[in-house]
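Understanding the architecture of this molecule
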Amino acid sequence: MSKHRLEIPILYEDRDIIVIYKPYHLLTIRTDDKKTFTYNAYHFLKERQLTRHEGLFIVHRLDFDTSGILVFAKSAAVKERLQSIFEARQVKRYYEAVIKEKIPLGKEYLVKQYLAMNKSHQVYVTKDKTLGKEAITSIKSNNYINIGTALDIEIFTGRRNQIRIAISSLKLTLIGDKKYSDDVAKRMYLNAYKLVFPEEAKLKKTTFEVKPLWLVKTPLLHQ
């Protein structure tokens, strides 16, 4: 077993999938940096699955600094089916974030961009549609908290750093985003709080959610 001990909350599990709540400051899977080989969500779950003689396959990812709902498959067939549904933009993905600025509540933005990655693995906005991949982000200011404005966000594409870049392009400051907003905080205020799969996913349970950390939700929102 790993030298590190980490309790990762399991939100749901059946014979096809495991749904967890990934803490911030934890990678989904290891990188080329040897320090990350064992300290990542996949590694901790893989060790668990080995003791149960079950498989584990990555379906999608969350950034190191982002907390939230993460789904793993137990077979290659389920992984491929769910990934194709993600690629077809059939999964509804909801996030929350907090920005420093106090902006009018109910203000909505629909950010459409093309994102590319350079040789240093830095993601940037490009006007060249042949070079970049489309990123569509819906952002709405929802409520105020003591440190800023809480945003309710839905993404229609799953690009790396998509939300962070969208917020930065609006000249807003995502608290704790050192890369695009140049803000230093204990954590980055970005959390994936809800995932909704379509019937085509063939899952026993299709909606997964946790109570938002900063949003003040109304009962009928997203129903």
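Computed from a predicted model, the values in this text were never measured in an experiment. (Residues numbered from 1 in each chain as written. Predicted model: local features only at pLDDT ≥ 70, side-chain atom pairs only at ≥ 80, totals over all residues. Heavy atoms only, no water.)

**Focus on the nonpolar core**
In plain terms, the rule: Nonpolar core, defined: a set of buried Ala, Val, Leu, Ile, Met, Phe, Trp, Tyr and Cys residues in which side-chain atoms within 4.5 Å join the residues together. To sort residues, take the accessible area from a 1.4 Å probe on protein chains only and compare it with the maximum for the residue type: under 20% means buried, over 50% means exposed, and anything in between is partly exposed. Here a strand is any run of E in DSSP of at least two residues, a helix any run of H or I of at least four, and the numbering for each starts at the N terminus. In what follows, residue pairs with any heavy atoms lying within 4.5 Å of each other are defined as contacts.
Residues Ile 20, Phe 72, Tyr 95, Ile 139, Ile 153 and Ile 167 are the most contacted members of the largest nonpolar core, which totals 30 residues. The set of elements that each furnish at least two residues to this core consists of β2 (17–22), α1 (41–51), β4 (67–73), β5 (92–99), β6 (108–117), β9 (148–155), α3 (162–169) and β10 (190–196). In this structure Ile 139 touches Lys 107, Glu 108, Tyr 109, Val 111, Leu 151, Asp 152, Ile 153, Ala 166, Ile 167 and Leu 170, once residues within four positions along its chain are discounted.

**What about the environment of Ile 8?**
For Ile 8, the position within the fold is in the segment before β1 (10–13). For the pair Ile 8 and Ala 116, spaced 108 residues apart in sequence, the C-alpha to C-alpha distance is 32 Å. Each residue touching Ile 8, except ones within four places of it in the same chain, is listed here: Ile 20, Tyr 21, Leu 26, Ala 41 and Phe 44.

**Some thoughts on the confidence of the model for the protein chain**
How we decide: Looking at any residue, its pLDDT shows the predictor's confidence there, from 0 to 100.
Mean pLDDT over the protein chain: 92, with 91% of residues reaching 70 or higher. Between residues 219–223, whose pLDDT stays under 50, and residues either more than four places distant or in other chains, the model counts 7 contacts.

**Some details on unusual backbone geometry**
At Arg 89, a position not held by glycine, the phi torsion is positive, near 60 degrees. Backbone geometry places Asp 182, a non-glycine residue, at a positive phi of 55 degrees. Owing to a relative accessible area of 67%, Asp 182 belongs among the exposed residues under this scheme.

**Let's talk about the pairing of β5**
The line we're drawing: In this analysis, strands are considered paired if DSSP registers two or more bridges between them.
Across the 8 residues that make up β5, a large majority, 7, are buried. With 6 bridges joining them, β5 and β10 adopt antiparallel strand pairing. Looking at the pairing, Ala 97 lines up with Leu 190 of β10. The pairing of β5 with β9 spans 7 bridges and is antiparallel. Across the sheet, Glu 96 pairs through a bridge with Asp 152, a residue of β9.

**So, the packing of aromatic side chains**
Which entries qualify depends on this criterion: Centres within 6.5 Å are what make two rings of Phe, Tyr or Trp a pair, Trp counting through its six-membered ring; a difference in plane orientation under 30 degrees is then read as stacked, over 60 as edge-to-face, and the rest as tilted.
For the structure shown, the criterion picks out 5 aromatic pairs. Their ring planes at 90 degrees and their centres at 5.6 Å tell us that Phe 86 and Phe 197 sit as a pair that is edge-to-face. Placement of Phe 86 in helix α2 (residues 76–87) and of Phe 197 in the loop between β10 and β11 (207–209) is noted, with a sequence separation of 111 residues between them. Overall, Phe 197 belongs to the buried group, its relative accessible area being 4%.

**Some remarks on α2**
To keep it simple, the criterion reads: Expected span, for any helix, means 1.5 Å times one less than how many residues it has. Along the arc lie the directions from the helix axis toward the C-beta atoms.
Across its 12 residues, α2 extends 16 Å between first and last C-alpha, which sits within 8% of the 16 Å expected from 1.5 Å per residue. Those residues of α2 lying buried are Val 78, Leu 82, Ile 85 and Phe 86. Here the buried residues of α2 occupy an arc of 105 degrees about the axis, which is enough to place them on one side. Along α2, exposed side chains directed more than 90 degrees from the buried face belong to Ala 77, Glu 80 and Glu 87.

**Quick word on the pattern of salt bridges**
Cut-off, in case you're wondering: Put simply, a salt bridge is a Lys or Arg side-chain nitrogen that is within 4 Å of an Asp or Glu carboxyl oxygen.
Within the structure shown, the criterion is met by 7 salt bridges. The closest approach of N and O atoms between Arg 48 and Glu 13, which form a salt bridge, is 2.7 Å. You can see Arg 48 sitting in helix α1 and its partner Glu 13 sitting in strand β1, a full 35 residues away along the chain. Of the residues examined, Arg 48 reaches a relative accessible area of 19% and is grouped as buried. Note that Lys 74 is salt-bridged to Glu 13, the shortest N-O span being 2.9 Å. Here Glu 13 lies in strand β1 and Lys 74 lies in the loop between β4 and α2, a separation of 61 residues in the sequence. Taking the relative accessible area as the measure of exposure, Lys 74 reaches 10% and is therefore buried. Put simply, Glu 13, Arg 48, Glu 54 and Lys 74 are held in one network by salt bridges that share partners.

**Thoughts on the pairing of β4**
When a strand is regular, its side chains alternate between the sheet's two faces. For β4, the tally of buried residues reaches 7 of 7 residues, placing the bulk of the element in the interior. The sheet contact formed by β2 and β4 spans 6 bridges and is antiparallel. Residue pairing in the sheet places Ile 20 in a bridge with Leu 70 of β4. Pairing analysis gives 2 bridges linking strand β3 (residues 57–58) to β4, with the strands arranged antiparallel. Residue pairing in the sheet places Phe 57 in a bridge with Ala 73 of β4. As paired elements, β4 and β10 share 2 bridges and run parallel to each other. Residue Gly 68 lies in a different strand from β10, and its bridge partner there is Ala 192.

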